[in-house]
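Architecture and fold: a report
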Amino acid sequence: MKDHLQTKDWGLGLEKEHLIIAGPCSAETPEQVEKVCQDMLAANAVPDIFRAGIWKPRTRPGSFEGIGEDGLKWMEIVRHHLNIPITTEVGNTAHVEMALKHGVDVLWIGARTTVNPFAVQEIAEALRGVDIPVMVKNPMNPDLELWIGALERMHAVGIEKLAAIHRGFSDAYDKKFRNKPNWSMPIHLKRIWKGMQVINDPSHIVGNRAGILETAQRAINFGLDGLMIETHHDPDNAWSDAKQQVTPKQLKDILDSIDFKHPLQTEHPSEKLQDLRNAVDHLDDQLLDLLSERFSIIDQIGAHKREHNLTVFQADRWKQVMDSRTQKGIAKNLSEKFMKELLYCIHEESVKRQEKKLREEVPTKKTI
Ligand code: PEP
Ligand code: MN
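In the nomenclature of an unreviewed UniProt entry, the chain corresponds to chorismate mutase from the organism Negadavirga shengliensis.

Written as structure tokens, this is what we have:
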């Protein structure tokens, strides 16, 4: 693991346990920007950062592709009314230059750009030596390496304030989500890039405003660090993403309904939590002893197979192990999916160890 992934607190540098980013999918007109700000003030729903798309990466041409540079001038309206940082999406060098010229405070890289290392590198080069926070949305496809790669490209040119945004993954077969969430991925990102701030974008995950609260709550439950929620004064008539945008009033209701959880202050766990953790530590030791014992028997089986010229993989035995253990696991309140993944993992390691044994020389034969 690279050192920089473990060394410091990342994030955008705003002191907030949960960062709230809101604003319209797209800036449309100066009047729209102003109305969104006024309604946010009236609803007491002013976010920490105001978002507005200026260049819109649309899947097919012909729909509204963003208002362009003019929209950046309207960001003054946001500053005037709300006095908060603003963020917009950049997809190429020209976008970066214009956004910097107009004093955009935070940039984000969209999902369709993160998939393309050439485009990400081009943006990174345009940002070399610039002190500006950058948020990187996950790529369209569930590829954690690509996501991390884009963050690394930003870091490599000197961007120190970094955040990631989980906005879900394109899945043609999923009916429930516009972009299916994959909760293990943002969590794994936080595991391997310690201190990385990961924000959730329930608007693009769900694709309709009715489901936003449920997904936002799950993100908070898992321990993600903030929310980006598309907010428009008149969502039904928005020029892009009309179905998923909420009004400032609805934003306020969503934020009030979320049960915000807090990360544990690790130095002071309660006595009860400490006891439970001690019990888990003890069980983990036992699990490791058992696994180690199991694999030493696996090695003996491997040696036996070598002596009798048997193949490592025996389909009938595997099926019997898989079926019987899965049933036993289910009876002990373990999920079928978990049992299958666990057994595949153990079996794969067993097969590798036995095959290694098969390649070892038989100790009794002397070579001349
Ligand atoms: C957006 O935030 O409006 C947007 C285009 O997002 P994504 O890159 O997640 O599709
Ligand atoms: Mn959008």
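What about the overall build of the chain?
When helices and strands are counted, the chain shows 14 helices and eight strands. Taken over the C-alpha atoms alone, the chain extends approximately 85 × 50 × 45 Å along its principal axes. With 368 residues in all, the chain has 44% of them scored as buried. Across the chain, the fraction of contacts at a sequence separation of at least 24, relative to all contacts at a separation of at least 6, is 73%. For the chain, the exposed surface amounts to about 20,100 Å²; the carbon and sulfur share of it is 53%. When the 49 basic and 54 acidic side-chain charges of the chain are each reduced to a single mean position, those positions are 6 Å apart.

Points about the domain arrangement of the chain
Domain boundaries assigned for the chain yield domain 1 (3–257) and domain 2 (271–358). Between the C-alpha centres of domain 1 and domain 2 there is a distance of 42 Å.

Section: the side chain of Lys305
The topology assignment puts Lys305 in helix 12 (residues 271–307). No salt bridge is formed by the buried Lys305, whose closest oppositely charged neighbour, Asp299, lies at an N-O distance of 11 Å. Reaching out from Lys305, the side chain makes a polar contact with the side chain of Gln354 at a distance of 2.7 Å. Contact partners of Lys305, with chain neighbours within four places excluded, come to Leu310, Thr311, Val312, Gln314, Gln354 and Leu358.

Quick word on the site of ligand 1
The immediate surroundings of ligand 1 are formed by Cys25, Arg51, Lys56, Glu89, Trp108, Gly110, Ala111, Arg112, Lys137, Arg167, His204 and Glu230. One nitrogen or oxygen atom from the main chain of Ala111 is found 2.9 Å from an oxygen atom belonging to ligand 1. Within the complex, 97% of the 300 Å² of free accessible area of ligand 1 lies under protein. Tallied by class, residues from the shell around ligand 1 come to three nonpolar, two polar and seven charged.

So, the coordination of the manganese ion (ligand 2)
In the first shell of the manganese ion (ligand 2), the protein supplies Cys25 (SG), His204 (NE2), Glu230 (OE) and Asp241 (OD), at 2.1 to 2.4 Å from the metal. Read in sequence order, the donor residues for the manganese ion (ligand 2) give the motif C-x178-H-x25-E-x10-D. Note that His204 is positioned in helix 9 (residues 202–206) and Asp241 in the loop between strand 8 (226–230) and helix 11 (248–257), a separation of 37 residues in sequence. For His204, a relative accessible area of 8% translates into the label buried.

Quick look at the pattern of salt bridges
Tallied over the full model, the rule gives 26 salt bridges. Of the charged contacts, one joins Lys101 and Glu69 as a salt bridge, the two residues approaching to 2.8 Å between their closest N and O atoms. Note that Lys101 is positioned in helix 4 (residues 93–101) and Glu69 in helix 2 (residues 69–73), a separation of 32 residues in sequence. For Lys101, a relative accessible area of 61% gives the class exposed. Across the pair Asp253 and Lys249 runs a salt bridge whose closest N-O atoms are separated by 3.2 Å. In this pair, Asp253 and Lys249 are both assigned in helix 11, four residues apart and thus about one turn of the helix distant. Beyond isolated ion pairs, a larger network of salt bridges with shared partners links Glu76, Arg79 and Asp105.

With respect to the nonpolar core
Ranked by internal contacts, the top residues of the largest apolar core, which has 64 residues, are Phe50, Leu127, Val134, Leu151, Met154, Leu189 and Leu227. For this core, the element with the highest residue contribution is helix 7 (residues 144–156), accounting for six residues. Beyond its immediate sequence surroundings of up to four residues, Leu127 is in contact with Val96, Leu100, Leu107, Ile132, Val134, Met154, Val157 and Ile159. Ranked by size, the runner-up nonpolar core spans 11 residues in total, among them Ile49, Val106, Ala163 and Ile165.

Describing helix 8 (residues 184–192)
Among all positions of helix 8, only Met185, Pro186, Leu189 and Ile192 are buried. The arc that holds every buried residue of helix 8, seen down its axis, measures 130°, which confines them to one face. Exposed side of helix 8, more than 90 degrees from the buried face: Ser184 and Arg191 are the residues found there. Looking at the buried residues of helix 8, the elements they touch are helix 7, strand 6 (162–166) and strand 7 (197–200).

Considering the environment of Ala119
Note on placement: Ala119 falls in helix 6 (residues 117–127). Remark: the alpha-carbon pair of Ala119 and Ala150, spanning 31 residues in sequence, is separated by 9.7 Å.

Quick notes on the packing of helix 12 against helix 14 (residues 336–359)
Look at helix 12 against helix 14: their axes get within 8 Å of each other, and the N-to-C directions meet at 40°. In terms of orientation, helix 12 and helix 14 fall into the oblique class. Seen along the crossing, helix 12 lies across helix 14 with a hand that is right-handed. Across from Leu291, Arg294, Phe295, Ile298, Asp299, Ile301, Gly302, Ala303, Lys305 and Arg306 in helix 12, the residues of helix 14 making contact are Ile346, Glu349, Ser350, Arg353, Gln354, Lys357 and Leu358.

A few points about the environment of Glu17
One can find Glu17 in the segment before strand 1 (19–23). Exposure remark for Glu17: the relative accessible area of 41% places this residue in the partly exposed category. Once the C-alpha coordinates of Glu17 and Lys261 are considered, the two residues, 244 residues apart in sequence, prove to be 9.7 Å apart. Once you skip the residues sitting within four places of it in the chain, Glu17 turns out to touch Asp225, Lys261, His262 and Pro263. Side chain to side chain, Glu17 and His262 meet in a polar contact 2.5 Å long.

Cut-off values and rules
Residues numbered from 1 in each chain as written. Chains lettered and ligands numbered in written order. Predicted model: local features only at pLDDT ≥ 70, side-chain atom pairs only at ≥ 80, totals over all residues. Heavy atoms only, no water. Helix = DSSP H or I, 4+ residues; strand = E, 2+ residues; numbered from the N terminus. Buried < 20%, exposed > 50% of the residue type's maximum accessible area, 1.4 Å probe, protein only. Contact = heavy atoms within 4.5 Å. Areas by Shrake-Rupley, 256 points an atom, 1.4 Å probe, with all protein chains shown as cover. Lys, Arg positive; Asp, Glu negative; His and termini not counted. Charge placed at Lys NZ, Arg CZ, Asp CG, Glu CD. Domains from an automatic or database assignment. Salt bridge = Lys/Arg side-chain N within 4 Å of Asp/Glu carboxyl O. Polar contact = N/O pair within 3.5 Å; in protein donor to acceptor, adjacent residues only side chain to side chain. Near = heavy atom within 4 Å. Nonpolar A, V, L, I, M, F, W, Y, C, P; charged D, E, K, R; others polar. Donors = N, O, S within 2.8 Å, 3.2 Å for Na, K, Ca; no water. Core = buried A, V, L, I, M, F, W, Y, C linked by side-chain atoms within 4.5 Å. Arc of directions from axis to C-beta. Axes fitted to C-alpha atoms, helices over the stretch in contact; angles between N-to-C directions. Parallel < 35°, antiparallel > 145°, perpendicular 65-115°, else oblique. Left-handed = near helix turned anticlockwise from the far one by under 90°.

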